[in-house]
Amino acid sequence: ESDAGDYTCVCGDKQSTASLAVHALPVLFKEELKNEEVQEGASASLCCELTKAAPVQWKMGSKVLKASDKYQMRQPGTTAELVIHDLEVKDA
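Residue indices begin from 1 for each chain and proceed along its sequence in written order. Residues qualify for local features only when their pLDDT is at least 70, as the model is predicted, and side-chain atom pairs are given and counted only at 80 or more; totals for whole chains, interfaces and linings, by contrast, use all residues. Values reported for side chains reflect all heavy atoms of the structure, with hydrogen atoms and water molecules removed beforehand.

### Some points on the overall build of the chain
So, point 1. Per the convention used, a helix needs a DSSP run of H or I reaching at least four residues, while a strand needs a run of E reaching at least two, with both numbered from the N terminus. Counting its secondary structure elements, the chain contains zero helices and eight strands.
So, point 2. Taken from N to C terminus, the helices and strands of the chain fall in the order β-β-β-β-β-β-β-β.
So, point 3. When we talk radius of gyration, it's over C-alpha atoms, and the globule rule is simply 2.2 Å times the number of residues to the 0.38. Computed over the C-alpha atoms, the radius of gyration of the chain is 22 Å, more than 25% above the 12 Å expected from 2.2 N^0.38 for a compact globule of 92 residues.
So, point 4. Its C-alpha atoms give the chain principal-axis dimensions of roughly 75 × 25 × 20 Å.

Here it is in structure tokens:
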């Protein structure tokens, strides 16, 4: 999208200008989340891959998760990862 704009070709005192519009492709899941089974007290890592880098939001049910000692979120490039520490039964 950052390539959108007006482009001009100049030859001497003549020029031709055109406008370029770039339509963004939707972000899709290249690799989806996988089910995990983990022991109480351990940590779990949930990971997915997108077709392009984009901001993500992690939820448990309808609750939006925020980074804390319990929830660690990383997003290097197109990979989104959630690490849940000190798992309790209620985290299922």
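### Considerations on the environment of glycine 5
So, point 1. Inspection of the secondary structure puts glycine 5 in strand 1 (residues 5-11).
So, point 2. Burial here depends on accessible area, computed with a 1.4 Å probe over protein chains only, as a share of the maximum for the residue type. Under 20% is buried, over 50% is exposed, and the range in between is partly exposed. Judged by its relative accessible area of 26%, glycine 5 is partly exposed.

### What about the sheet that holds strand 4 (residues 44-50)?
Two orientations exist for strands paired in a sheet by backbone hydrogen bonds: parallel and antiparallel.
So, point 1. In this scheme, strands are said to pair when DSSP sees at least two bridges between them. With antiparallel pairing, the four strands of this open sheet are ordered in space as 3-4-8-7. The open sheet has two free edges, formed respectively by strand 3 (29-31) and strand 7 (71-74), since each of these has just one partner strand. Recorded for the sheet is a direction-independent mean angle of 25° between the axes of neighbouring strands.
So, point 2. Sheet analysis places strand 3 next to strand 4, joined by two bridges and oriented antiparallel. Looking at the pairing, glutamate 31 lines up with glutamate 49 of strand 4. A fitted line through C-alpha atoms represents every axis, and for helices the fit uses only the stretch in contact; the resulting angles, taken between N-to-C directions, go from 0 to 180 degrees.

### What about the pairing of strand 8 (residues 79-84)?
So, point 1. Of all the six residues making up strand 8, five are buried; the element is thus mostly covered by neighbouring parts of the structure.
So, point 2. The sheet contact formed by strand 7 and strand 8 spans four bridges and is antiparallel. Counterpart to tyrosine 71 in the pairing with strand 8 is isoleucine 84.

### Description of the pattern of salt bridges
So, point 1. Salt bridges are defined as contacts in which a side-chain nitrogen from Lys or Arg sits within 4 Å of a carboxyl oxygen from Asp or Glu. Tallying each qualifying case throughout the model produces six salt bridges.
So, point 2. Put simply, lysine 34 and glutamate 31 hold a salt bridge, and the shortest N to O gap is 3.1 Å.
So, point 3. A residue is classified by how much of its surface remains accessible, and glutamate 31, at 37% relative accessible area, is partly exposed.
So, point 4. The closest approach of N and O atoms between lysine 90 and glutamate 88, which form a salt bridge, is 3.9 Å.
So, point 5. Looking at lysine 90, the relative accessible area reads 63%, which means it is exposed.
So, point 6. Here the residues in one salt-bridge network are Lys70, Glu88, Lys90 and Asp91, joined through shared partners.

### Re the layout of surface pockets
So, point 1. Estimates place the volume of the largest pocket at around 430 Å³.
So, point 2. Of all the elements in the fold, those that place two or more residues in the lining of the largest pocket are strand 4, strand 5 (59-60) and strand 8.
So, point 3. Under the grouping applied here, Gly and all other residues not named as nonpolar or charged are polar, the nonpolar ones being Ala, Val, Leu, Ile, Met, Phe, Trp, Tyr, Cys and Pro and the charged ones Asp, Glu, Lys and Arg. Of the residues assigned to the lining of the largest pocket, the class counts are twelve nonpolar, one polar and six charged. Buried and open spaces are told apart on a 1 Å grid over the protein atoms alone, a cavity being a set of points where a 1.4 Å probe fits but cannot get out and a pocket being an open set with protein on both sides within 12 Å along at least five of seven lines. Residues with an atom within 4 Å of a point are the lining residues. Grid points are joined across faces, edges and corners, and a volume is the space filled by probe spheres set on the points.

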